[in-house]
Amino acid sequence: MQFISSLLTWQNLIHLIDILVIWFLIYELLVLIRGTRAVQLFRGIMIIILVKVISWYAGLSTVSWVMDQILNWGVIAIVIIFQPEIRRGLEHLGRGSFLNHNQSTNETEEEMIKQLDQAIQYMSKRRIGALISIQMKTGLEEYIETGIPLDADISGALLINTFIPNTPLHDGAVIIKNNRIAVAAAYLPLSDSKLIPKELGTRHRAAVGISEVTDALTIVISEETGEVSITKDNELIRNMSQNDYLKFMRSQLCTHEPAHDNLLTRLYSLFERQGGGQHGQK
């Protein structure tokens, strides 16, 4: 008992909380960078730190000094090279997603997917080129400002008419925000990636480009082949069947609350219920 009581001191409790907070932040960081270029960056940093530790223990002073310089100056290089990922991470924190406690019935998302499917099937069969970007958690305001405002309900017929060739709105991207068509004819950033096949045109480069700097889900229909592609988190998925893209969109757009529940979410909900109960008593 004396041994256990000696462990349960306030100082040890503070150390335990300190360790748990650090592990929680590391976990959230890994979740945030999953599927992005920052994964390779994180691996590289781990290798440099490992080499630094080994060289320090082995007495390799020159190697240790070089590793110190890389770590010191690497911070500046990271900020420059990975500016989009850092911005997306800060936006993720600013949205307060750790405390996201809203329940969703997914009815609105299912209706949106239904209308998108109607438009995709029509345009794909007739080889009508289209570019549709759906805002997820990262805001698309700077790209929405480049388009022509619509603020319309999502309709398969409206999407089809928007991309009919030689019409005023067909050139550019439709951006969907908060389950509404925000704008049409918007300009998205073009990717400079060398991994994009040369046979793909500007629409696909724009779709990959927006996926490099945001977490938007973007649908591309090729006007040459009618092929349906989707980009998300810097990944281009080509030649998707109807079942493929429907399954993918449902997995990304429909909320599965139990899978994302965490301690902070439960605490927030508990406090909210208690607050609501107190207001009800009044």
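Conventions and cut-offs
Residues numbered from 1 in each chain as written. Predicted model: local features only at pLDDT ≥ 70, side-chain atom pairs only at ≥ 80, totals over all residues. Heavy atoms only, no water. Phe/Tyr/Trp six-rings, centres within 6.5 Å; stacked < 30°, edge-to-face > 60°. Buried < 20%, exposed > 50% of the residue type's maximum accessible area, 1.4 Å probe, protein only. Salt bridge = Lys/Arg side-chain N within 4 Å of Asp/Glu carboxyl O. Helix = DSSP H or I, 4+ residues; strand = E, 2+ residues; numbered from the N terminus. Lys, Arg positive; Asp, Glu negative; His and termini not counted. Polar contact = N/O pair within 3.5 Å; in protein donor to acceptor, adjacent residues only side chain to side chain. Contact = heavy atoms within 4.5 Å. Expected span 1.5 Å × (residues − 1).

**Some words on the packing of aromatic side chains**
Any aromatic ring pair is given by two values, namely how distant the centres are and how the planes are angled relative to each other.
1) Next: Considering all chains together, one arrives at 1 aromatic pair under this definition.
2) Next: Seen in terms of ring centroids, Trp56 and Tyr57 are 4.9 Å apart; in terms of plane orientation they differ by 75 degrees. Their pairing is edge-to-face. Considered together, Trp56 and Tyr57 belong to a single accessibility category, that of exposed residues.

**Structural notes on the pattern of salt bridges**
1) Next: In total, this model carries 9 salt bridges according to the counting rule given.
2) Next: Each of Asp151, Asp153 and Arg180 takes part in a single network of salt bridges with overlapping partners.

**Re the side chain of Asp117**
1) Next: As for its placement among the helices and strands, Asp117 is situated in helix H6 (residues 107–125).
2) Next: No salt bridge forms around the buried Asp117; measuring N to O, its nearest opposite-charge neighbour Arg250 is 7.0 Å away.
3) Next: At 3.0 Å, the side chain of Asp117 forms a polar contact with the side chain of Gln242.
4) Next: In this structure Asp117 touches Gln242, Tyr245 and Leu246, once residues within four positions along its chain are discounted.

**Points about helix H9 (residues 202–213)**
1) Next: Here H9 is 12 residues long and its end C-alpha atoms lie 17 Å apart, about the 16 Å a rise of 1.5 Å per residue gives.
2) Next: Buried within H9 we find His204, Ala206, Ala207, Val208, Gly209, Ile210, Ser211 and Val213.

**Structural notes on helix H10 (residues 242–253)**
1) Next: Between its first and last C-alpha atoms H10 spans 16 Å; for 12 residues at 1.5 Å apiece the expected length is 16 Å, and the two agree.
2) Next: Structurally, H10 contributes buried residues whose contacts are with H6, strand S1 (130–134), strand S5 (217–221), strand S6 (228–232) and strand S7 (235–237).

**Details of unusual backbone geometry**
1) Next: A positive phi angle, close to 55 degrees, is found at Arg127, a residue other than glycine.
2) Next: Position of Arg127 relative to the elements: it lies in the loop between H6 and S1.

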